[in-house]
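# Observations on chain architecture
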Amino acid sequence: MPSNASPFATPFAAPFAASGDTADKALDRDAFHEALLAKGDYYHIHHPYQVDMAEGRATPEQIRGWVANRFYYQINIPLKDAALLANCPDASARRRWIQRLLDHDGHADDGGIEAWLALGEAVGLSREALWSQEHVLPGVRFAVDAYVNFVRRADWREGAISSLTELFAPQAHRSRLDTWPTHYPWIDPAGYAYFRKRLGEARRDVDHGLELALELCTTQATQQRALDILQFKLDVLWSMLDAMTLAYQLDRAPYHTVTDKRVYHRGLA
């Protein structure tokens, strides 16, 4: 791939087929694993907005803003996983991956989306407000939509690798469980069920995602592509928090110079 090419300009199958890429240029399995883990330095848990929440400096408005905007991400995860399944010709891979979709949608009222609605209620948001998407900032919407659209268009293996931010998710969930009850006693503890639920699920998903990445990425080209895809997903998560920082910490919500109303769109049919 030319050095100036977009990291998403060619199908994932192309690096696999590149005859000029020899094995001796590739990282060994352990070194590639370490390269993936090193991307954790850019995980959104290090964003100042997340740091403020973890250290007790967030206001109720900032907590509610994060919960409401993150809900848009939560409801799009099953759509992303359904798109990946639609692109995947491997039945055995589909049978394993479908559990992620079920984790979020649930079988009735036991899924991740339901648990996030409970978190919303715990911080003082109504279910109606969350479902209406009235709080979803354009920057958050665009970032999440970019992620879903990437997975829809990508080879399913690229889509799977984009989920490897799960490598770092247990740390984020554990941090919230450890710090929020002390810093924010006004939050109903019943709302923390989502974080407890995801601790186990995320570790299981990490094992599957890593297994795929380490088996598939055995050349320099596929390893670099995987690292680029993982960075793209990290960019998505970081950009979501940048939008929230402007709106809830710097008082620069969209169109703030011309109106205090939420005139930004809620999605196009």
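### What to know about the nonpolar core
- Within the largest apolar cluster, 81 residues are counted, with the highest numbers of intra-cluster contacts made by L36, I63, W66, W180, F195, M240 and M244.
- At 14 residues, the largest contribution of residues to this core is made by helix α12 (residues 220–249).
- Once residues lying within four places of it in the same chain are set aside, the contact partners of F195 are W66, W116, L119, H173, R176, L177 and W180.

### Side note on the layout of surface pockets
- In this structure, the second largest pocket encloses a volume near 280 Å³.
- Residue lining of the second largest pocket: 16 residues in total, with E61, H135, Y248, R262 and Y264 positioned closest to the centre.
- Breaking the lining of the second largest pocket down by element, the ones donating at least two residues are α4 (60–87) and α12.
- Considering every element that reaches the lining of the second largest pocket, the biggest residue donor is α4, with three residues.
- Residue composition of the lining of the second largest pocket, grouped by class: seven nonpolar, four polar and five charged.

### Notes on the packing of aromatic side chains
- Under the defined criterion, the tally for this structure stands at 14 aromatic pairs.
- Ring centres 6.5 Å apart and planes at 70° place the aromatic pair W180 and Y192 in the edge-to-face group. You can see W180 sitting in helix α10 (residues 169–183) and its partner Y192 sitting in the loop between α10 and α11 (193–216), a full 12 residues away along the chain.
- When its relative accessible area of 1% is taken as the criterion, W180 is described as buried.

### Quick notes on helix α6 (residues 112–122)
- Burial of α6 is extensive: eight of the 11 residues sit out of reach of the surface.
- G112, I113, A115, W116, L117, L119, G120 and A122 are the residues of α6 that are buried.
- Each element contacted by the buried residues of α6 is listed here: α4, α5 (91–105), α7 (127–132) and α11.
- Just downstream of α6, G124 is the residue with a positive phi angle, here 100°.

Thresholds, definitions, all that
Residues numbered from 1 in each chain as written. Predicted model: local features only at pLDDT ≥ 70, side-chain atom pairs only at ≥ 80, totals over all residues. Heavy atoms only, no water. Core = buried A, V, L, I, M, F, W, Y, C linked by side-chain atoms within 4.5 Å. Buried < 20%, exposed > 50% of the residue type's maximum accessible area, 1.4 Å probe, protein only. Helix = DSSP H or I, 4+ residues; strand = E, 2+ residues; numbered from the N terminus. Contact = heavy atoms within 4.5 Å. 1 Å grid on protein atoms, 1.4 Å probe; cavity = no way out; pocket = protein on both sides within 12 Å on 5 of 7 lines; lining within 4 Å. Points joined across faces, edges and corners; volume = space filled by probe spheres on them. Nonpolar A, V, L, I, M, F, W, Y, C, P; charged D, E, K, R; others polar. Phe/Tyr/Trp six-rings, centres within 6.5 Å; stacked < 30°, edge-to-face > 60°.

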